[in-house]
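Summary of the model geometry
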Amino acid sequence: MSEIKAIAVGMNSCGIAAGARETYEAIKAELERRNLDVKLKIVGCVGMCYREPLVDIITEDEIITYGHVDPKKVPRIIDEHVVNGKPVEEWIVKRDWWENGERKTWDVDNYFSKQVKIVLENSGYIDPENIDEYIAVGGYEALKKALRMEPEEIIDIIMKSGLRGRGGAGFPTGLKWKFTREAEGDEKYIICNADEGDPGAFMDRNVLEGDPHRVIEGMIIGAYAIGATKGFIYVRAEYPLAIRRLRIALKQAKERGFLRENILGSGFSFDIEIKEGAGAFVCGEETALIASIEGKRGMPRPRPPYPAQKGLFGKPTNINNVETWANVPWIIRHGWKAFASLGTEKSKGTKVFALSGKIKHGGNVEVPMGTTLREILYEIGGGTKTGKRIKAVQLGGPSGGCIPEYLFDTPVDYESVNATGAIMGSGGMVVMDEDTCMVDVAKFFLDFTVKESCGKCTFCRVGTKRMFEILERFTEGKATEEDLERLEKLAHQVKAGSLCGLGQTAPNPVLTTLRYFRDEYLAHIEGKCPAKVCKPLIRYVIIPEKCTGCTACAIFCPANAITGEKLKPHEIDQSACIKCGTCYEVCRFNAIEIVTGGE
């Protein structure tokens, strides 16, 4: 076996939350105890969040990755693999090797079999706090190449590549750059929108934590092409690790001459500042984001004028999200044809998605545009972790919609997804199984948008609140058929009359669940919740024939609602039951069932 060059621990937020910091310290202590001279470093997340903590053993020829490595597993890995050169086969979840300079990957779950890495090519492989590791894999080569081009030539490359904004709207990136370059102004700005606020979305966080220099390099290239002298990264304060690593990366880039005055002797000067947002979802909308950077309340304004003509501080401004900027260095390095060869006719390249909810393999994936939902959710995501059928996927966060299982052969591109009533959004996919109540899901997402509305326009401020109140009546079993008609009519009015994207897309979860799961709304009118989720419509009952009288349900019931003698069938007092589900979870004899309506 080749000599071990380093041991790496995945230390993005997902890894740290799973215990990676304790694993790192255990490895460090074990190496010191054995007096082993082996480099120990951190890397970002490779995307297998469901297998964290991840530990890589790196040699000249390959990378062997172990999953679910807690401190107890460390001594055996060090002893057998590091000292004696024998990998612990049963703990290996991934292997990487190189063929003709190209990295190949095998993994135990086939998680990477259909993935194509552009944005995430370095995530999980380099130390995000070490600029030399980024440079070693080709970092800042695209910038050097771009600085030898004319700005118009760069814009032409981006236009020909077919790159579209990855923040949700899908506007052609090159065209956006062209408008900003051609706009009149003595000063121009660019902004990286890192205000990732969708529930279940963590694509941008993964990139910023795992490969921050990639985003910075993309921004510098964009600034040169547009003629901007100042850039801002607007990132929510809830991402402390991303902010810390961005600060480190910016400091390193400045020290190496990639930022500030006369970059690499080109005569071009540009600098980047971080602006921490307070977590307002509406600030993902570009004009609200601009207002926030200016020190004002984050509220959208009517367009036109668009930011390309009159943006930050009244100057021409270009805004792209994290993933869009992260694509730019790859396109410049490899050429527009390589990027355009991936994807579909109108949606080129790859797209990063965050798989969450009841998915078996939760994490970040990057696939060519046009890959079907079925391929992503079943072949990559592994189906549900409950083993039950996937009922629907919420695509695009609170602004998106619920797509039913029978539409999972839909290719994931902007036009095809829009045709379902959902939107691509930034890439969050929340998976639901057959135990999910779609009315309750619509209420959950609408509750989010009600709370996040800035309140500027009446349709969003009042309309979403009235919609939420109607949904509450459905989940309480108090709705009527008139409520159903009123909800649908109001959803269309809010969509048409709201000022910005938040209000215009807020009804999407309601409209798509009404379109694909109308029978569930009708069932709620009849006092039934088919998924047996909505508490006012369900009851927990004990089946006497199955109850052994073990008393577990009575012992754990927090409301003392269960009575009965030991070894004899118990009974639930419905007037005292708070429907927490504890009894259902602790019963080992399937003697408790959930009933709805008149069951």
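To start, this report covers the structure provided alongside it. (Residues numbered from 1 in each chain as written. Predicted model: local features only at pLDDT ≥ 70, side-chain atom pairs only at ≥ 80, totals over all residues. Heavy atoms only, no water.)

1. Let's talk about the overall build of the protein
Inclusion rule: Secondary structure elements are defined from DSSP: runs of H or I of at least 4 residues count as helices, runs of E of at least 2 residues count as strands, and each element is numbered from the N terminus. Our radius of gyration is a C-alpha quantity, and the globule rule it is checked against amounts to 2.2 Å times the number of residues to the power 0.38. Exposed residues in this analysis have more than 50% of their type's maximum accessible area, buried residues have under 20%, and partly exposed residues fall in between, with area computed by a 1.4 Å probe over protein chains only. Every residue pair with non-hydrogen atoms within 4.5 Å of one another is taken to be in contact. Asp and Glu count as negative and Lys and Arg as positive, but His and the ends of the chain are not part of the count. We put the charge of a Lys on NZ, of an Arg on CZ, of an Asp on CG and of a Glu on CD.
Secondary structure assignment for the protein yields 23 helices and 19 strands. The C-alpha atoms of the protein give a radius of gyration of 26 Å, which matches the 25 Å a tight globule of 599 residues would have. Its C-alpha atoms put the protein at 85 × 65 × 40 Å along the principal axes. Taking all 599 residues of the protein together, the buried fraction comes to 58%. When contacts within the protein are restricted to residue pairs at least 6 apart in sequence, those whose partners lie at least 24 apart make up 70%. Both charge centroids of the protein, one from 80 positive and one from 84 negative side chains, sit 3 Å from each other.

2. Looking at the layout of surface pockets
Heads up, the rule is: Computed over the protein atoms alone on a 1 Å grid, cavities are sets of points where a 1.4 Å probe fits but cannot get out and pockets are open sets with protein on both sides within 12 Å along at least five of seven lines; a residue lines them when it has an atom within 4 Å of a point. Grid points are joined across faces, edges and corners, and a volume is the space filled by probe spheres set on the points. When residue character is reported, Ala, Val, Leu, Ile, Met, Phe, Trp, Tyr, Cys and Pro are called nonpolar, Asp, Glu, Lys and Arg charged, and the others, Gly included, polar.
Approximately 1,300 Å³ is the volume found for the largest pocket. Elements with a contribution of two residues or more to the lining of the largest pocket: helix H7 (173-182), strand E10 (317-321), helix H15 (414-419) and helix H19 (501-505). When residues in the lining of the largest pocket are grouped by element, the largest group, 5 residues, is from E10. Split by residue class, the lining of the largest pocket holds 16 nonpolar, 22 polar and 12 charged. Computed from the structure, the second largest pocket encloses a volume of approximately 1,000 Å³. Taken together, 28 residues line the second largest pocket, and the ones lying closest to its centre are Trp 98, Glu 102, Arg 103, Glu 121 and Tyr 125. Elements that contribute at least two residues to the lining of the second largest pocket include exactly strand E1 (4-10), strand E2 (39-43), strand E3 (55-59), strand E6 (102-107) and helix H4 (131-136). Top contributing element to the lining of the second largest pocket by residue count: E6, with 4 residues. The class makeup of the residues in the lining of the second largest pocket is 10 nonpolar, 6 polar and 12 charged.

3. Here we look at the sheet that holds strand E8 (residues 230-236)
Stated precisely, the cut-off is as follows: Only strands joined by at least two bridges in the DSSP assignment are considered to pair. Angles shown run from 0 to 180 degrees and are taken between the N-to-C directions of axes, each axis being a line fitted to C-alpha atoms and, for helices, limited to the stretch in contact.
Taking strand neighbours across the sheet as the criterion, the 4 strands line up as E9-E8-E7-E10 in an open arrangement whose pairing is parallel. On the outer flanks of this sheet lie strand E9 (271-277) and E10, each paired with one strand and no other. When the angles between neighbouring strand axes are averaged without regard to direction, this sheet yields 20°. Its contacts with the sheet place helix H9 (residues 212-226) against strand E7 (189-194), E8, E9 and E10, and it is angled at close to 150° to E7.

4. A short note on the pairing of E3
Burial within E3 is extensive, with 5 of its 5 residues counted as buried. On E3, burial covers both faces: Val 55, Ile 57 and Thr 59 on one face and Asp 56 and Ile 58 on the other are all buried. Of the pairings in the sheet, the one linking E1 to E3 comprises 5 bridges and is antiparallel in character. Bridge assignment links Ile 7 to a residue of E3, and that residue is Ile 57. Taken together, the 4 bridges between E3 and strand E4 (residues 62-66) define a ladder with antiparallel strand orientation. Counted as the bridge partner of Asp 56 is Thr 65 from E4. Taking the residues that link successive antiparallel strands as the turn, the E3-E4 hairpin has 2 residues.

5. So, the nonpolar core
Applicable threshold: Nonpolar core, defined: a set of buried Ala, Val, Leu, Ile, Met, Phe, Trp, Tyr and Cys residues in which side-chain atoms within 4.5 Å join the residues together.
Residues Tyr 140, Ile 154, Trp 177, Val 215, Ile 220, Phe 270 and Ile 332 are the most contacted members of the largest nonpolar core, which totals 66 residues. Looking at this core, the element that brings in the most residues is H9, giving 9 residues. If sequence neighbours within four positions are ignored, Trp 177 has contacts with Ile 154, Ile 155, Ile 158, Gly 222, Ala 225, Ile 226, Asn 318, Asn 320, Trp 325 and Val 328. Leu 373, Val 393, Tyr 414 and Val 431 belong to the second-largest nonpolar core, a separate cluster that totals 35 residues.

6. A short note on the sheet that holds strand E5 (residues 92-99)
Ordered by their spatial adjacency, 6 strands build an open sheet running E2-E1-E3-E4-E5-E6, and the pairing between neighbours is mixed. Two strands bound the open sheet, and with one partner strand each, they are E2 and E6. The average undirected angle you get between the axes of adjacent strands in this sheet is 20°. Where E5 lies against E6, 6 bridges are found, and the strand directions are antiparallel. The partner of Trp 98 across the bridge, within E6, is Arg 103.

7. What about the side chain of Glu 285?
Formally: Here, a salt bridge means any Lys or Arg side-chain nitrogen found within 4 Å of an Asp or Glu carboxyl oxygen.
With respect to the helices, strands and loops of the structure, Glu 285 is situated in the loop between E9 and helix H11 (286-293). With no salt bridge to any partner, buried Glu 285 finds its closest opposite charge in Arg 303, at an N-O distance of 4.1 Å. Beyond its immediate sequence surroundings of up to four residues, Glu 285 is in contact with Pro 300, Arg 303, Cys 500 and Gly 501.

8. Side note on helix H12 (residues 322-334)
Within H12, 11 of the 13 residues are buried, which leaves it mostly tucked inside the rest of the structure. Count one or two residues on from H12 and you reach Gly 335, which has phi positive near 95°.

9. Let's talk about a nonpolar patch on the surface
Our working rule: Residues enter patches when they are more than 30% accessible in relative terms and free of salt bridges; like-charged ones are connected within 9 Å and nonpolar ones (Val, Leu, Ile, Met, Phe, Trp, Tyr) within 5 Å. The Shrake-Rupley method, run with a 1.4 Å probe sphere, supplies the accessible areas, and residue values consider only the shown protein chains as cover.
Taken together, the side chains of Trp 97, Trp 98, Trp 106 and Val 108 present a nonpolar region at the surface, about 380 Å² in accessible area. Along the chain, Trp 98 falls in strand E5. Looking at Trp 98, the relative accessible area reads 40%, which means it is partly exposed.

10. Describing the pattern of salt bridges
Enumeration over the complete set of coordinates arrives at 53 salt bridges. Asp 211 is the salt-bridge partner of Arg 214, the closest N and O atoms lying 3.6 Å from each other. Each member of the pair, Arg 214 as well as Asp 211, carries the same accessibility label: buried. Glu 405 is paired through a salt bridge with Arg 374; the nearest N and O atoms lie 3.0 Å apart. Of this pair, Glu 405 sits in the loop between strand E14 (401-404) and H15 while Arg 374 is found in helix H14 (residues 373-380), placing the two residues 31 residues apart along the sequence. Taken together, the shared-partner salt bridges in this structure form one network comprising Glu 30, Arg 33, Arg 34 and Asp 79.

11. A few points about the packing of aromatic side chains
The way to describe two aromatic rings as a pair is by their centre distance and the angle between their planes. Filter applied, for reference: For this analysis, a ring pair means two rings from Phe, Tyr or Trp (six-membered ring only for Trp) whose centres lie within 6.5 Å, classed as stacked if their planes differ by under 30 degrees, edge-to-face if by over 60, and tilted for the remaining angles.
Enumeration according to the criterion identifies 16 aromatic pairs in this entry. With 5.9 Å between their ring centres and 65° between their planes, Tyr 189 and Phe 313 make a pair best called edge-to-face. Remark: Phe 313 occurs in the loop between H11 and E10 and Tyr 189 occurs in strand E7; sequence separation between them is 124 residues. Residue classification places Tyr 189 among the buried positions, given a relative accessible area of 8%.

12. Considering helix H21 (residues 518-525)
Definition in use: Note that the arc is computed from the directions linking the helix axis to the C-beta atoms.
Taken together, the buried positions of H21 are Glu 520, Tyr 521, Ala 523 and His 524. Buried residues in H21, looked at end-on, bunch into an arc of 160°, giving them a common side. Elements in contact with the buried residues of H21: strand E13 (390-395), helix H16 (438-452), helix H17 (458-475), helix H18 (481-497) and helix H20 (508-516). Of the residues flanking the end of H21, it is Gly 527, one or two places downstream, whose phi is positive at about 85°.

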